[in-house]
Amino acid sequence: MVSSADRFDVMVVGAGPAGSIAALTLARGGARVAIVDRAVFPRDKACGDLIGPRGLQVLADLGIPEPPGLDVGDMVVVGPTGRRVRLPSVPGTTYPGRARAVTRTVFDAALRAAALQAGAEAVTGRAQEPLGDGGRLGGFRCSGTIRDRDVMADVVIGADGATSRVAEVAGLVEPDRVLWGFAVRWYTDDVVDLPAIAWWEPVPRQPLPGYGWVFPGPAGRTNVGVGIGTLGNRRGGAEATRQVAPFVAHSKRIGLLPAGGACRPARLLGGWLKMGMIGTMPAAGNVLLVGDAAGLVNPLQGEGIAHAMASGRAAAQAVLAGPAHAADRYCAALADRHLPYEAVGAAAHRALVAHPKAVAGATRILTAPGIGWALAGGWSLLWNDLVDGAPPGASRAVARGALRLGSMATAAGPTRRWFERLGGGAVVPPGNGRSPAGAEPVGGVEQHDDRLGGLGRFRRLRRWGHLRPSSRRGRRSLCAWPTGPCRRSRRGPETRTGNRARW
Ligand SMILES: Cc1cc2nc3c(=O)[nH]c(=O)nc-3n(C[C@H](O)[C@H](O)[C@H](O)COP(=O)(O)OP(=O)(O)OC[C@H]3O[C@@H](n4cnc5c(N)ncnc54)[C@H](O)[C@@H]3O)c2cc1C
C-alpha cells in the first residue's frame, strides 16, 4: 500500500527549471505536489548559463527574484571567415532587452527553493520503475541512496530532461525523428566582455554542424563550449568533445579568447539536447512533458531554459484548470506558442545539420560586409525566437518576412506533417515499436544521462500489452498503459473533496 503521505495530486519528475516552475505554479494553485530529482541540490548542469529574455520575464511574472549573476546584452557572431556581426539585444513588449548569466548550480537551486517555499514536497531519488494506477501511469518507485520511496499521483509531469524516463515509459518519443544535439562546456578565468558564438571549419571546407561559444559569467568566470547537431544519431556526440581543443585554438586565433590566456579545457561537462519538439508528443492522458523532456529547445541556437520555464508554467496551468483535459489544453497552448517557429526551425535545423556546407555558406553570407550589418536586428529576433512581442520596425519586418518564407518553403515537408499531428489536436503517441538509435558514452565526457537503451524493450512490451506484476508488495508495476484521453480515476482529482479547494 502506498501511504497517504506518498500520494500526491501531481508528481513532477525533475527539478531543473521546467520542473521547479511547474511545481511552484501548482503548489501556489493549491495542488499537493511532489518534486522528485535524482540529484542532491545544489547540483551542476552542463550549460552555457545564459538565461534568455523570455526566461527572465517568467521570473518577473512569477515574482521570483533574479539569482545573482551578470546581465548581458548584445551578442557577437563570427562566421567561418572570422568576420563578426553584433546582434543587438532590444527590449520587446513582452520581454526585457537583456539576458542573464547565472551558473546552473545557483539558478536551479534558487528555482527549486522557490518551489519548496511555495509548498511543493522534495523527494530525492531516481524515478525509474513506473507504477500503475487503474491502467494508467500512477507514479514511480524513486530509488534513493538510503531507501526507495513509491510516489503516486493523479498527474505525472515529466521534467526530467532530454533523455526523459517519463517520456520513455509513456511511449511519447519517436527516437528516430528526434533532432539530437550534444554540447560540452568548461570554465576559464579569462575575462571576456560580450558573449560570442563562432562557426568555423576545423578542416578547410569541412564546417562543423554546430558552433562554439564564449560567454562571460559572474565573478569573471567565462563559460566556453562546443555544441553539434547529430540528427537521429546518438553516437555522433563525441565529435563535440573532439572539437574542444581545436575550438580553443581557433578562438585564440580570432581573438575571442586572449592569445596568451589561461584557457585550458578541464572538467568538461556534457549533455544532450533534444531540439525543435519534433519526435516527442508533449502530453497524453495524465502525462505531460515539459522543457527538454518535450524537446523544447530552440533548434536554431540551442537555448532551452526559457522554454523550459514557460512550458512548466503552461503545463501547471493546464492541470490547475482541470486535470481531465490538461493534456489537450497543454498541447493547444504549446501549439499556439511554438508551432509556427518550431516547424520552420526544426526543418531548417535538419537541412543544415545534414548539409554542414550550407551552414558555412549561410553564415559566410550573413557575416559578409554590409549584409550582416543590415540584417543583424532581424537575425537577432529570429534566431532567438523573439519575433512575437518584438517592437515594431525594420528588424521585426525582416524577421517576420524570413519566418514567412521559411514557412512557405517547409509547408509540404515531412517536418511540417509531423507538427500537424500536434497542431491539429491529435494527441497520438508515436508508438511505432521501433527501437532507438543506441547511445554510447560520449568521448569520455561526464554526462548527466545517456539512457534510452531500455526503450526498445519497453516498446516491445508495450505492443504485446504486458503488465509485469511487481515482485514487491504485490503491487502491479506497469510497463505500459493507455496514453489516450485522460481517464478519471475513482479518486480523480476533479472529484476530490476535502479541505483544499477543487484544483
Ligand atoms: C552544454 C549545454 C549548454 C547549454 N546552454 C544553454 C544556455 O546557455 N542557455 C539556455 O537557455 N539553454 C542552454 N542549454 C539547454 C538547457 O540546459 C536546457 O534546455 C535546460 O536545462 C532544460 O531544463 P529542464 O528543466 O527541462 O531539464 P534539466 O535542466 O535537464 O533538468 C532535468 C532534471 O531532471 C533530473 N532527472 C533526470 N532523470 C531523472 C529521473 N529518472 N528521476 C529523477 N530525476 C531525474 C535531473 O537530475 C535534472 O535535475 C544548454 C544545454 C547544454 C547541454
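Of the regular secondary structure elements, the protein chain holds 13 helices and 21 strands. For the protein chain, the residues scored as buried account for 54% of the 503 residues in total. Intrachain contacts of the protein chain at a sequence separation of at least 6 include 72% that bridge at least 24 residues.

Ordered by their spatial adjacency, 3 strands build an open sheet running E3-E7-E4, and the pairing between neighbours is antiparallel. Only two strands of the sheet have a single partner each, and these edge strands are strand E3 (50-51) and strand E4 (70-72). As paired strands, E4 and strand E7 (residues 99-101) are joined by 3 bridges and run antiparallel to one another. Bridge pairing links Asp71 to Arg100 in E7.

With that out of the way, let us pick up the pairing of strand E14 (residues 210-215). Taking burial as the measure, the 6 residues of E14 include 6 buried ones, the bulk of the element. Burial along E14 is two-sided: Gly210, Gly212 and Val214 facing one way and Tyr211, Trp213 and Phe215 facing the other are all buried. Where strand E13 (residues 196-198) and E14 come together, 3 bridges link them in antiparallel fashion. Bridging across to E14, Ala196 finds its partner in Val214. Connecting E14 to the antiparallel partner strand E15 (residues 222-231) that follows it, the hairpin turn spans 6 residues, and Ala219 within it adopts a positive phi of roughly 55°.

Attention now moves to the confidence of the model for the protein chain. Summary statistics for the protein chain give a mean pLDDT of 84 and a share of 82% for residues scoring 70 or more. Note that pLDDT drops below 50 for residues 425-444; the model gives that stretch 58 contacts with residues more than four away or on any other chain. Overall, residues 447-503 carries pLDDT values under 50, and its contacts beyond four positions in sequence, including any with other chains, amount to 111 contacts.

We now examine the nonpolar core. Within the largest apolar cluster, 143 residues are counted, with the highest numbers of intra-cluster contacts made by Val10, Val12, Ala22, Val33, Ile157, Leu288 and Val290. When residues of this core are assigned to their parent elements, the largest contribution, 13 residues, is made by helix H8 (residues 326-354). Not counting chain neighbours up to four residues away, the residues in contact with Val10 comprise Leu26, Ala31, Val33, Ala153, Val155, Ile157 and Val319.

This next bit is on the site of the ligand. Around the ligand sit 41 residues in total, of which Gly14, Gly16, Gly48, Gly291 and Gly304 are the nearest. Elements represented by at least two residues in the shell around the ligand include exactly helix H1 (17-28), strand E2 (33-37), strand E9 (126-133), strand E12 (179-188), strand E16 (269-275) and helix H7 (305-320).

Most of E9 is tucked away: 6 of the 8 residues are buried. Bridge count for E9 against strand E10 (residues 136-143) is 7 bridges, and the pairing is antiparallel. Across the sheet, residue Glu129 finds its bridge partner in E10, namely Arg141. What sits between the antiparallel neighbours E9 and E10 is a turn of 2 residues, in which Gly134 has the positive phi angle 60°.

All right, on to unusual backbone geometry then. Going from Phe41 to Pro42, the amide bond is cis rather than trans, its omega being 0°. Of note, Pro42 is situated in the loop between E2 and E3. Of note in the backbone geometry, Asp49 takes a positive phi value of approximately 70° without being a glycine. Inspection of the secondary structure assignment puts Asp49 in the loop between E2 and E3. Taking the number of C-beta atoms within 10 Å as the measure of exposure, Asp49 has 27 and is therefore buried. Not every positive phi belongs to a glycine, and Asp385 is a case in point at roughly 55°. Structurally, Asp385 can be placed in the loop between helix H10 (371-383) and helix H11 (394-409). Judged by local crowding, Asp385 falls into the buried class, with 23 C-beta atoms found within 10 Å.

Time to look at the environment of Leu334. Tracing the backbone shows Leu334 in helix H8. As a C-alpha pair, Leu334 and Ala315 span 19 residues in sequence and 9.2 Å in three-dimensional space. Among residues more than four places away in sequence, those in contact with Leu334 are Pro282, Ser311 and Ala314.

In this section: the packing of H10 against H11. Two elements in contact, H10 and H11, have axes whose closest approach is 7 Å; the angle formed by their N-to-C orientations is 60°. Here H10 is positioned oblique relative to H11, judged by the angle of their axes. In the packing of H10 onto H11, the handedness of the crossing is right-handed. Across from Leu375, Gly377, Gly378, Leu381 and Leu382 in H10, the residues of H11 making contact are Ala394, Ser395, Arg396, Val398, Ala399, Ala402 and Leu403.

Let's shift gears to the environment of Leu289. For Leu289, the position within the fold is in strand E18 (residues 287-289). Beyond its immediate sequence surroundings of up to four residues, Leu289 is in contact with Gly158, Ser164, Val166, Ala167, Leu172, Thr280, Pro282, Ala283 and Ala294.

Moving on: helix H3 (residues 104-117). Each α-helix winds once per 3.6 residues, and so residues spaced three or four apart point in a common direction. Compared with the 20 Å implied by 1.5 Å per residue over 14 residues, the 19 Å span of H3 between its first and last C-alpha is a close match. Looking at H3, one finds that the buried residues are Arg104, Phe107, Asp108, Leu111, Arg112, Ala114 and Ala115. Along the axis of H3, the buried positions cluster into a sector of 155°, meaning they face one direction only. Packing partners of the buried residues in H3 comprise H1, E2 and E3.

With respect to the helices and strands, the residue His355 is situated in the loop between H8 and helix H9 (356-366). Taking the number of C-beta atoms within 10 Å as the measure of exposure, His355 has 13 and is therefore partly exposed. When the C-alpha positions of His355 and Pro209 are compared, they lie 7.9 Å apart, and in sequence the two are 146 residues distant.

The rules behind these values
- All residue numbers refer to position in the chain's written sequence, counted from 1.
- pLDDT decides what is reported in this predicted model: residues at 70 or higher carry local features, side-chain atom pairs at 80 or more are listed and counted, and totals for whole chains, interfaces and linings draw on all residues regardless.
- For the purposes of this entry, the term helix denotes a DSSP run of H or I that reaches at least four residues, the term strand denotes a run of E that reaches at least two, and both are numbered from the N terminus.
- In this scheme every C-beta is placed from the backbone, and a residue whose C-beta has 20 or more other C-beta atoms within 10 Å is buried, one with 12 or fewer is exposed, and one in between is partly exposed.
- Throughout, a pair of residues is in contact if the C-beta atoms placed from their backbones lie within 7 Å.
- Two strands pair if DSSP finds at least two bridges between them.
- pLDDT is a residue-level measure of predictor confidence that goes from 0 to 100.
- By convention the nonpolar core is taken to be a set of buried residues drawn from Ala, Val, Leu, Ile, Met, Phe, Trp, Tyr and Cys and joined through C-beta atoms within 7 Å.
- For each residue, a C-beta atom is positioned from the backbone; the residue is called near a molecule or strand if that atom sits within 6 Å of it.
- Lines are fitted to the C-alpha atoms to define the axes, a helix being fitted only along its stretch in contact, and any angle between axes, read from their N-to-C directions, falls within 0 to 180 degrees.
- Convention used here: angles under 35 degrees read as roughly parallel, angles over 145 as roughly antiparallel, angles from 65 to 115 as roughly perpendicular, and any remaining angle as oblique.
- The crossing is said to be left-handed when, going from far helix to near helix, the turn is anticlockwise and less than a right angle, and right-handed when the turn is clockwise.
- A helix is expected to span 1.5 Å multiplied by its residue count minus one.
- As used here, the arc belongs to the directions running from the helix axis to the C-beta atoms.

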